[in-house]
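Survey of secondary and tertiary structure
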Amino acid sequence: MDGLTVDPTPTDWGSNDMRKRIARRYRSEKRFRAVGFAAIATSVGFLAFLLITMMSNGLAGFVETRIEVPIDFPKSSLFLDPASLKGDGARAALAAADIEGSVAEAAEARFGPGGANLVSEAAWLRVRDLIAENPALLEGKSIFSLPVSGDFDLAAKGDAPPPVEARYARLKSEGAISRGFNFGFMSGSDATDPAAVGIWGAFKGSLLTMIVTIVLAFPIGVFSALYLEEYAPRNRWTDLIEVSINNLAAVPSIIFGLLGLAVFLNFMHLPRSAPLVGGLTLALMTMPVIVIAGRNAIKSVPPSVRDAALGVGASPVQVVFHHVLPLALPGILTGTIIGMARALGETAPLLMIGMRAFIATPPGGISEPATVLPVQIFLWSDEVSHGFIEKTSAAIIVLLLFLLAMNGLAIYLRNKFERTW
Amino acid sequence: MPGFALLFLLAGLGLIAWLSARARAVVLGKGEGLRLHSVPAYHGWYVALWALVPALLFLAIWQMIAPGLVTDSVLSSPAAAALPADAMSRSAILEEARALASGELAGAFNPQSESLAPAFASAGRYYGWMGTALALLLAFAGGAFAWTRLRRDFRARNKVERVVMIVLLTASLIAILTTLGIVLSLLFESLRFFSRVSPLEFLFGLTWSPQTAIRADQAGSSGAFGAVPLFWGTIFIGAIIAMIVAIPLGLMSAIYLTQYAHKTARALLKPMLEMLAGIPTVVYGYFAALTLAPWVRSLGVALGIPSSSESALAAGLVMGVMIIPFVSSMADDSIAAVPQSMRDGSLALGATTSETIRKVLVPAALPGVVGGVLLAVSRAIGETMIVVMAAGLAANLTANPFDSVTTVTAQIVQLLTGDQEFDSAKTLAAFALGLVLFLITLLLNVVALRVVKKYREAYE
Amino acid sequence: MEAPAVEGAEAAPQAPSLKMRASGVSVWYGAKKAVDNVSIDITTENVTAFIGPSGCGKSTFLRALNRMNDTIPSARTEGLIELEGEDIYGSAMDVVQLRARVGMVFQKPNPFPKSIFENVAYGPRIHGLAKDKTELEEMVERSLKRAGLWDEVKDRLTESGTALSGGQQQRLCIARAIAVDPEVILMDEPASALDPIATARIEELIHDLRGRYAIVIVTHNMQQAARVSQRTAFFHLGELIEYGETSQIFTNPRVPRTKDYITGRYG
């Protein structure tokens, strides 16, 4: 049987060479395992580093520095009769009065030359709101705690030139400085002064855009999934639809932006920068995600359910809408939420359709100019002023929290409703 | 009548149609041994659909033709006689008058439009009421027609179900329409671009400087559209630097998670790895530009390599990290698809786990991993925000990773933002770049999916 | 009954000597006891067959003999298994060496998706058994010859091992196991996935290899056990019911349960 004349001597596993070899192999095993661990540790470490960087930069963005400015209205140049603030004319009267000027005047009087630059450009709005609430303020002298300007705010963080720092320290020892939660950041919109910016405008833009997206993408996605999985005949058209959907899911998002620009703006003349167009564009992008998730969910409903329903005389449409769809719904919803989370973080296609304008008021509807959170982050990241760094990071924290919540909800839904047949 | 009120009214009519038809069907079904073919609710749906669908379709068409009708009637009004003959200023005045009449504008720039505004307003009202009346008429007519067809043996269910099927089919056709829309809009604009710039120059030219002249005597005003530096930058960042980061880290992470990690560690680490894929790209871009780029620059300076504040390396590194979960999940799937018997066969010969992985599992899973890497490359080269924020806009043809390069996507953003007239070669170039990007990602995806599919079949 | 003389065996048959000894071995999968207190001796010059109904623990016990159960996280082994007097679960025993000395052939042929040559060369390569390429080629050739596959594949050694027929794949797997020159070969139903002709070739091969290696074969096919083995162990519900000369087990079982199984009362 053995064709070779030389019969090998049995391997001596105990020999010195063999022992060394085995030890070497075990070392390489350990090394390989360590490399694997290092790889995952690097990846997760990067995630942690990114989050920590954003946190440490951004948490300060939620805090504002306030300075106490005494304003003596009767003595100021402000001409505003408290009586005019009652009744219908109140808003017009407030709009006509130069409150901004008197705040600047009071700041100069209190802090000396350049004092007006210490308070935020949006500070007078706060004074105006307080007056509107309580016109009696106009009759005497009162102290207003107003947000400081972005430049002066840096001094509070030890990040300003020495003279500004010194001034800050002096005012602080006088007790004129306080710090607190920045409500303005949660309720404001874009501004040129980093101390005055807020994310509400961008957030509302995101919200309106997402509403348009889900209203369009969800029904279309679910209906397509149902058609393809339950009714579509096997033919060339069906193949074409499937190929289209699979490819759309992999098309770079910026291409959808080009589509939106060419079709919705230049061909259909829909309003530029509007949540309507943003939502349409993102809906086309999200729809394939929903279709693919929906088809998987529908596929996992066992045929026995369909057979049972057909067996008692239900029509194919009744089978699907009474039995298959309710059973597949949790899976479809999970996929939808994940698709929406991706759409919420999307920036590039929205830049293409002009949602990058400076928008200082929250949009009133889906056809008004708006921006969205990720685009706002992009715009702020481009600002030269140093105070925008913490605001950008703070906006990122808000965005990440929302994404985390959405993904958490998706995982919860999946765990709660996941069933094995 | 305002749009919302009309829709509300129509919805109310639909509800009434549904309820009354259902009640009628219940009456029809009463009697000895008589049975309705369809349950009453289907009769309700049948009549409601007849009442609503034609009216809504009419409204949609009316929305499109009504502005034209309004304009026509304004033009035939006496106030329009004074309009200038020049088409451009004429349409500007008409547009302003329209905005004035609808209340979008508070005051007019051109006094002529002021005089036309009342004509616009009255014509708008006239056609608005006409549309409303026609829609309501259609709703009643449709509902009445359907009502007359209700009978005991009427197959209402089949009719309603046919409508449902049409709706489902239409929904699934939207995917084809979207694909068609992408292809056509890219092709159409690209053809216009290539009528001005030769495709050969675009595909093989080495100079990219899309600034077209504002004044003829400006330097470099001609505009050069050689896209090779862009293609190189895209490949350099997306297919080289990012992959140097993502392939080893992704593959080794997948190997560690599937072959070595304890169950609890895996349950903890895997979602964390996947979180990397869920972070918006604008956040990565910000991180790359703000934190990583200065480090990369000082590293380059320390090494004595010419460095710029925006670098291919910073963008590529971050993009690589973004792609890690993508590579790792593809590798995970591919390795899991290798039959357990391979692993057993190798271990039974006395191979260590790492020898089994390196010499049996990974080679066996290679086609799947390669497919995954191709998909990852396709995603990396289509990525926009990271390169816009961190890679820069200088179209350098350089292999120095510390230098600034630009990519196809970054240039698309650059070309289309800012105030540009839509017809300039500069804006059209963005669509040509988009077409190239679309075709290349499409090709990568098709090849990758085919490779992965073949591989899956091999083990089934 | 004495085994028939091995035709073509190069070495004269020697007296069987003890190769492996298991005493009081139990294996758990989680809380489930799959093998219960089994003691058995494996000798050279013999083919030992494990028979019994499916789920009786025979395969599990086989996998305990080269510690393949270690790859299943929930598996736990108790008792003593010795190879040439060494405790294979002891700290002095290296599992990598153990598996080289106690080779294994699986139920379903599992060639690697590599060339035929690389399949056979895999073991010698990882263990560093060949000094140079010529020696490696000799080893591959010798192993393929012993596995009776050489003549069929010698002209296409670079082709993929997965392109062979099922029976050839299984002989390739046997060649792969032989290439590291093991002392014991464990075969887990090696012919159950093959057609009758391929099965006959495998049985012939086992017969030929008997003189050189101690062979343990798990089979659910009693005719096969009777044909290829000299000693037979009957397992039932995780216990070793009876162990003895194959002729005795099949003609004159001492335990009634063995007799019931042999005569087809259950199984």
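All of these numbers come straight from a predicted model, not from anything done at the bench.

1. Some thoughts on the overall build of chain C
The secondary structure content of chain C amounts to 10 helices and 10 strands. The C-alpha atoms of chain C give 18 Å as radius of gyration, which agrees with the globular expectation for 267 residues (18 Å, within 12%). The C-alpha extent of chain C, read off along each of the three principal axes, is 55 × 40 × 35 Å. With 267 residues in all, chain C has 50% of them scored as buried.

2. Looking at the nonpolar core
Judged by nonpolar contacts, the single largest core of 273 residues is most densely connected at Ala288, Ala315, Val318, Val327 and Ala390 of chain B. Counting residues per element, this core draws most heavily on helix H7 (residues 228–260) of chain B, at 18 residues. The next biggest cluster of nonpolar side chains, apart from the first, holds 28 residues, and it includes Ala116, Ile131, Tyr168 and Ala195 of chain A.

3. Re unusual backbone geometry
Residues and elements named next belong to chain C. Phi is positive for asparagine 37, which is not a glycine, with a value near 55°. Position of asparagine 37 relative to the elements: it lies in strand S2 (residues 32–43). If you check the backbone angles, glutamate 189 has positive phi at about 45° while not being a glycine. Summarising the element assignment, glutamate 189 is placed in the loop between strand S7 (184–188) and helix H7 (196–209).

4. Topic: the interface of chain B and chain A
On the chain A side, the residues contacting the 64 residues of chain B number 62 residues. Of all the elements, helix H5 (residues 156–194) of chain B adds the most residues to the side of chain B that touches chain A, at 19 residues. Classifying every residue of the side of chain B that touches chain A gives 41 nonpolar, 20 polar and 3 charged.

5. Focus: the pairing of S2 of chain C
Residue and element names in this part refer to chain C. Looking at chain direction, strand S1 (residues 18–29) and S2 are connected through 8 bridges and run antiparallel. Its bridge partner being in S2, valine 27 is matched across the sheet by valine 35. From the end of S1 to the start of S2, which pair antiparallel, there are 2 residues, and glycine 30 there has a positive phi angle of about 60°.

6. Overview of the sheet that holds strand S3 (residues 47–51) of chain C
All names here are of chain C. The 6 strands lie next to each other as S6-S7-S8-S3-S9-S10, forming an open sheet whose pairing is mixed. The open sheet has two edge strands, strand S6 (102–105) and strand S10 (239–245), and neither has a second partner. The mean inter-strand angle of the sheet, taken between neighbouring strand axes irrespective of direction, is 15°. The sheet contact formed by S7 and strand S8 (residues 214–218) spans 5 bridges and is parallel. Across the sheet, methionine 187 pairs through a bridge with isoleucine 217, a residue of S8. The strands that helix H6 (residues 166–178) touches are S6 and S7; relative to S6, the one it contacts most, it runs at about 170°.

7. So, the sheet that holds strand S1 (residues 63–72) of chain A
Residues and elements named next belong to chain A. With antiparallel pairing, the 3 strands of this open sheet are ordered in space as S2-S1-S3. The strands lining the two open edges of the sheet, one partner per strand, are strand S2 (141–147) and strand S3 (177–181). Geometrically, the sheet is characterised by an average inter-axis angle of 35° between neighbouring strands, direction not taken into account.

8. Quick word on the packing of helix H9 (residues 236–248) of chain A against H5 of chain B
Following both chains from N to C, one finds H9 of chain A and H5 of chain B inclined at 60°, their axes separated by 8 Å at the closest point. What the angle tells us is that H9 of chain A and H5 of chain B run oblique. As for the relative orientation of H9 of chain A and H5 of chain B, their crossing is left-handed in sense. Contacts between H9 of chain A and H5 of chain B pair Leu240, Ile241, Ser244, Ile245, Asn247 and Leu248 of chain A from the former with Ser172, Ala175, Ile176, Thr178 and Thr179 of chain B from the latter. Taken together, the residues of the contact of H9 of chain A with H5 of chain B break down into 6 nonpolar, 5 polar and no charged.

9. Some words on the environment of proline 369 of chain A
Residues and elements named next belong to chain A. Tracing the sequence through the fold places proline 369 in the loop between helix H14 (348–352) and helix H15 (373–381). Here proline 369 falls in the partly exposed class, since 17 other C-beta atoms lie within 10 Å of it. Separated by 98 residues in sequence, proline 369 and proline 271 have C-alpha atoms that sit 7.9 Å apart.

10. A look at the environment of tyrosine 29 of chain C
All names here are of chain C. With respect to the secondary-structure elements, tyrosine 29 resides in strand S1. You can call tyrosine 29 partly exposed: it has 15 C-beta atoms within 10 Å. Spatially, the C-alpha atom of tyrosine 29 lies 9.1 Å from that of threonine 77, the residues being 48 residues apart in sequence. Excluding its chain neighbours within four sequence positions, the residues that come into contact with tyrosine 29 are Ala34, Ser74 and Ala75.

Rules and cut-offs
- Residues numbered from 1 in each chain as written.
- Chains lettered and ligands numbered in written order.
- Predicted model: local features only at pLDDT ≥ 70, side-chain atom pairs only at ≥ 80, totals over all residues.
- Helix = DSSP H or I, 4+ residues; strand = E, 2+ residues; numbered from the N terminus.
- Rg over C-alpha atoms; globule rule 2.2 N^0.38 Å.
- Buried ≥ 20, exposed ≤ 12 C-beta atoms within 10 Å, placed from the backbone.
- Core = buried A, V, L, I, M, F, W, Y, C linked by C-beta atoms within 7 Å.
- Contact = placed C-beta atoms within 7 Å.
- Nonpolar A, V, L, I, M, F, W, Y, C, P; charged D, E, K, R; others polar.
- Pairing = 2+ DSSP bridges.
- Axes fitted to C-alpha atoms, helices over the stretch in contact; angles between N-to-C directions.
- Parallel < 35°, antiparallel > 145°, perpendicular 65-115°, else oblique.
- Left-handed = near helix turned anticlockwise from the far one by under 90°.

Geometric descriptors of this kind do not, in isolation, establish any biological role.
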